[in-house]
Amino acid sequence: MAASNVRPHLVFADAQGQILDDPELLMLCRRGEEWSLPRPEELMPLPEESELFLLPGRHAVGLNPETGEAEELDELAVAAFAAPAHTLSAHPVYVTDPEAPMLPLFAYGAVGFWNGRFYICAARVDDDPRQVFRGISKRKIANEAERLIAGYPENRLIQHLMHNCVLRYDCPAARNFCLGRYEAPLPTSHACNARCIGCISQQDPESKICTTPQDRMTFVPTVDEVTEVMRLHASRETERPVFSFGQGCEGEPLTQASLLIESVRRFRAEGGRGTINLNSNASLPDAVAALGDAGLTSLRVSMNSARAEVYNRYYRPRGYSFDDVRRSIEEARRRGVHVALNLLFFPGYTDTQNEADALIELIRTTGVKLIQLRNLNIDPEYYPQIMEGIEFGPCLGLKNFRKRIRRMCPWIEFGYFNPWLGDKADLTGVPMPGEAQQEDFRELLEGKSDLENE
């Protein structure tokens, strides 16, 4: 059925927690402060391996098509947590009780029901199946984890990945390492030089966010432990191995720069093949440069915005600035390192005119190759509070946001996962830092189409 013919009804939860739809009210969605019907092009069936959440202290709201008015129900609102590789384009609409608790650190998508199935406002941005575990039993994963635990009793990193990440948290990256496929996580640091509002492994004592989805690792592995994990993964994933420093269960890996540099150097000196990736806040340019010289393949830079004011409100950096982030990208690119942005996407804020223009300027002047559109895990009403007073401009929507960036940066790619690039990325056609001059960018920006023609 064409998306233009889909008119999802409001979804809510009754007192027993049963999820129902209201046949009289239509689904509404939220982008920033705006409530509206979903755009036809952003509706898609709820992907497999997604989840539905009940939202405590929040009343479902739908649109009465007869009156054109929004109506609040006594029942609870419901949200969707989309499966990996999908980026949400809108949040659910609800009315929050004054005493409602802060929502945990997940991404909350607008969801409705039509013709026997759930629909969400989202887009699939990556076709890679690496975090699809359909057909793989939990028993098989647990058995593999126990085998690795028994086989490597002295390697604390393997013990951490199996005991904590696989058997406790069901971490997709750790499960893939456990199964010997795709990407191996390499957490190394328990410290961080940022205080991200939505940090999923550690919060300040005064934080309004009471709980985190996981606990941070408590030790620093040795070079021997890290390289043993890399060799083990390379021996099992022989076609497209990816090794990634920087995971959700740790702080900032660059705070252990010497460990990372020596691990990469040793693995490469032993003939180690594959894509070595760093997921990072890119706060230490000299360390990034040294890693590039040692054999790093790719750098994924985490950010919520290419504007320093917006970035600082969320990341709250300690001892570095957004200028350091930009310089790290430049240092990496000068060494042939593939650079991706891990863009934490929040509908109604990230996909606005001011954010898009700043992002385009960063991409064009530093040579970013890929944007990974990751959902920002945070209470949908908390992020706007953090950003209060900052001007974002008109909302383009996810589709037009991507179109605008691709139009002005034709080499850019969108995705969700860290790509396999071999040992060294092919960056043909991607400008080096400084090649796309600021003046060229301004001319393009001034000549861009009106928003309605995007």
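Described in the following lines is the structure provided in the data block. Predicted model only: the values in this text are computed from it and were never measured.

**Describing unusual backbone geometry**
Thought 1: Unusually for a residue other than glycine, Glu-49 sits at a positive phi of about 70°.
Thought 2: The phi angle at Tyr-182 is positive, at roughly 60°, despite the residue not being glycine.
Thought 3: Counting through the fold element by element, Tyr-182 comes out in the loop between helix H3 (172-179) and strand S13 (183-186).

**Thoughts on the environment of Val-223**
Thought 1: In this fold, Val-223 is placed in helix H4 (residues 223-236).
Thought 2: Exposure remark for Val-223: the relative accessible area of 15% places this residue in the buried category.
Thought 3: For the pair formed by Val-223 and Leu-260, sequence separation is 37 residues and the distance between their alpha carbons is 7.9 Å.
Thought 4: Excluding anything up to four places from it in sequence, Val-223 contacts Leu-259, Glu-262, Ser-263 and Arg-266.

**Observations regarding the packing of aromatic side chains**
Thought 1: What the rule picks out here adds up to 16 aromatic pairs.
Thought 2: Seen from their ring centres, Phe-346 and Tyr-383 are 4.6 Å apart, and the 35° between their planes marks the pair as tilted. Remark: Tyr-383 occurs in helix H10 (residues 382-386) and Phe-346 occurs in the loop between strand S17 (338-345) and helix H9 (353-366); sequence separation between them is 37 residues.
Thought 3: You can call Tyr-383 buried: its relative accessible area is 1%.
Thought 4: Aromatic ring contacts, followed pair by pair, group Tyr-311, Tyr-314, Tyr-315, Phe-322, Phe-346, Tyr-349, Tyr-383 and Phe-392 into a single cluster.
Thought 5: Cation over ring: Arg-175 sits above Phe-133, and NZ or CZ is 4.1 Å from the ring centre.
Thought 6: Here the guanidinium or amino end of Arg-307 rests over the ring plane of Phe-392, the centre of that ring lying 5.1 Å away.

**A closer look at the side chain of Lys-369**
Thought 1: Here Lys-369 is to be found in the loop between H9 and strand S18 (370-375).
Thought 2: What makes Lys-369 buried here is its relative accessible area of 12%.
Thought 3: Setting aside chain neighbours within four positions, we find Lys-369 in contact with His-338, Val-339, Trp-411, Ile-412, Glu-413, Leu-427 and Val-430.

**Concerning the sheet that holds strand S16 (residues 298-303)**
Thought 1: Spatially, the 7 strands line up as an open sheet ordered S13-S14-S15-S16-S17-S18-S19, and their pairing is parallel. Across the chains shown, the open sheet's two edge strands, defined by having one partner strand only, are S13 and strand S19 (413-415). Direction aside, neighbouring strands of the sheet carry axes that sit 25° apart on average.
Thought 2: In terms of strand pairing, S17 meets S18 through 6 bridges, oriented parallel. Within the sheet, the bridge partner assigned to Asn-342 lies in S18 and is Gln-372.
Thought 3: Here helix H7 (residues 308-315) sits on the sheet and contacts S16 and S17; the angle it forms with S16, its principal contact strand, is near 85°.
Thought 4: Where helix H8 (residues 322-334) meets the sheet, its contacts fall on S16 and S17, and the angle it forms with S16 comes to roughly 165°.

**Here we look at the nonpolar core**
Thought 1: Formed by 100 residues in total, the largest nonpolar core has its most connected members in Met-162, Tyr-314, Ile-363 and Ile-378.
Thought 2: If we ignore the near neighbours within four places in the chain, the residues touching Ile-363 are Leu-341, Val-368, Ile-371, Ile-405, Cys-409, Trp-411 and Ile-412.
Thought 3: Among the nonpolar cores identified, the runner-up in size contains 12 residues, and Leu-10, Leu-55, Ala-79 and Tyr-94 belong to it.

**A look at the sheet that holds strand S3 (residues 29-31)**
Thought 1: If you walk across this open sheet you meet the 3 strands as S4-S3-S9, and the pairing is antiparallel. The open sheet is flanked by strand S4 (34-36) and strand S9 (91-92), the only strands paired with a single partner.
Thought 2: One ladder, built from 3 bridges, connects S3 with S4; its direction is antiparallel. The residue of S4 that forms the bridge with Cys-29 is Ser-36.

**Brief notes about the pairing of strand S7 (residues 69-81)**
Thought 1: Sheet topology note: the strand S1 (residues 9-13)/S7 ladder contains 2 bridges and is antiparallel. Residue pairing in the sheet places Ala-13 in a bridge with Leu-76 of S7.
Thought 2: With 10 bridges joining them, strand S6 (residues 51-64) and S7 adopt antiparallel strand pairing. Along S7, the bridge assignment pairs His-59 with Leu-76.

Thresholds applied
- Residues numbered from 1 in each chain as written.
- Predicted model: local features only at pLDDT ≥ 70, side-chain atom pairs only at ≥ 80, totals over all residues.
- Heavy atoms only, no water.
- Helix = DSSP H or I, 4+ residues; strand = E, 2+ residues; numbered from the N terminus.
- Buried < 20%, exposed > 50% of the residue type's maximum accessible area, 1.4 Å probe, protein only.
- Contact = heavy atoms within 4.5 Å.
- Phe/Tyr/Trp six-rings, centres within 6.5 Å; stacked < 30°, edge-to-face > 60°.
- Lys NZ or Arg CZ within 6 Å of the ring centre and 35° of its normal.
- Pairing = 2+ DSSP bridges.
- Axes fitted to C-alpha atoms, helices over the stretch in contact; angles between N-to-C directions.
- Core = buried A, V, L, I, M, F, W, Y, C linked by side-chain atoms within 4.5 Å.

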